[in-house]
Amino acid sequence: LVVALMIALVYLASRRWELVPRGAQNLLEAIIEGFYSLVVSIAGEKNGRRFFPVVATIFFFVLFANWFSLFPIFNAIGLGEEGEHGFVMEKTDLGPLPTTYVGLSSLDQMKGRTIDEDDPEAAQRAEQEREKGNFVGEIRPFLRGINTDLNTPLALAIMSAIFVEFWGISTLGFFTYGRKFFNFGGLLRGIRRLSVGQIFQGIVDAFVGFLELVSEMVRLISFTFRLFGNMFAGEVVILMFTFLIPLVFTLPFYGLELFVGLIQAFIFAALTLVFGMIAVTHGGPPDAEEAEAEIHQAETVEGQSVKSGQ
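To start, this report covers the structure provided alongside it. (Residues numbered from 1 in each chain as written. Predicted model: local features only at pLDDT ≥ 70, side-chain atom pairs only at ≥ 80, totals over all residues. Heavy atoms only, no water.)

Section: the packing of aromatic side chains
Here the structure, examined in full by the defined rule, presents 14 aromatic pairs. Between Phe 35 and Phe 60 the ring centres are 5.8 Å apart and the planes differ by 55°, which places this aromatic pair in the tilted class. Across the pair, Phe 60 and Phe 35 agree in class, each one buried. Between Phe 51 and Trp 167, the aromatic rings sit 4.2 Å apart at their centres with planes inclined by 35°, giving tilted as the arrangement. Taken together, the positions of Phe 51 in helix α2 (residues 23–68) and Trp 167 in helix α4 (residues 151–172) put the pair 116 residues apart, joining distant regions of the chain. (Phe/Tyr/Trp six-rings, centres within 6.5 Å; stacked < 30°, edge-to-face > 60°. Buried < 20%, exposed > 50% of the residue type's maximum accessible area, 1.4 Å probe, protein only. Helix = DSSP H or I, 4+ residues; strand = E, 2+ residues; numbered from the N terminus.)

This is the structure:
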């Protein structure tokens, strides 16, 4: 539904494409151009053009998903599952379909009726409500916000990580980029030369590479649970306050969630961009043998210059 909504909005805004934009086309171009300028200002023209499709896709997809899930049809319409605890709902027939519903809160009815699981009289109270013709149980909603399900943030985090590693490998080369994580060259050289100092430095370099590898893996967890936790918490807050206080007092929380949804989309995209920049600019520690060769070459050139001067 989110993808279909995005395609429909872009189609409606660009179905009459004009050289001099106006109206919806002008707004769409301004948003994309502004985001592109931001990416280029951080990554530079070359890397900005390369990173922009992925970073922009993540940003707009997460943003639309977060905002779309604020519609009242989410988490409020679904199949009822009877139980000994949960919400107390009224029953009615909507045409041929038996329907249960919870009335909107108002000033004289500030709190929805519920039966808690830890209530020692939950079974008796549930039975009394059923005798009155009411429904007791929970709702399995037809629609939920996709970022409140752990699978979607995890999939986005994996996609982000794949692109970051691809950018790093394609820019620096497989072995140069891999040396950042698996740097055993110094340790092997120290063992070969029986040098305690080089062995110790090699162990430090190998351990630093291991920490780099762990940090790459931890990004998946931080990316996933940052987005999931913020959106799930917002969903719970809005759902609970809808039943606990009059509807008009819930509106400020919708405004807050609009802001949180924007910030979380920007953070996810911006971190992908930053990690991409780190990947393409990190060449790993210099190779000791290459450094020694360069020093020897410099000394040779300096010696030849001295002889020529004499």
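Continuing now.
Considering the packing of α4 against helix α8 (residues 251–281)
The contact between α4 and α8 brings their axes to 8 Å, and the two run at 25°. By the angle between their axes, α4 is roughly parallel relative to α8. Considering only the axes of α4 and α8, their crossing is right-handed. In this structure, α4 contributes Pro 153, Leu 156, Ala 157, Ser 160, Val 164, Trp 167, Gly 168, Thr 171 and Leu 172 to the contact, and α8 contributes Phe 268, Thr 272, Phe 275, Gly 276, Ala 279 and Val 280. When the residues that make up the contact of α4 with α8 are grouped by side-chain class, the tally is ten nonpolar, five polar and no charged. (Axes fitted to C-alpha atoms, helices over the stretch in contact; angles between N-to-C directions. Parallel < 35°, antiparallel > 145°, perpendicular 65-115°, else oblique. Left-handed = near helix turned anticlockwise from the far one by under 90°. Contact = heavy atoms within 4.5 Å. Nonpolar A, V, L, I, M, F, W, Y, C, P; charged D, E, K, R; others polar.)

So, to be careful, I would describe these as geometric facts and stop short of saying anything about function.
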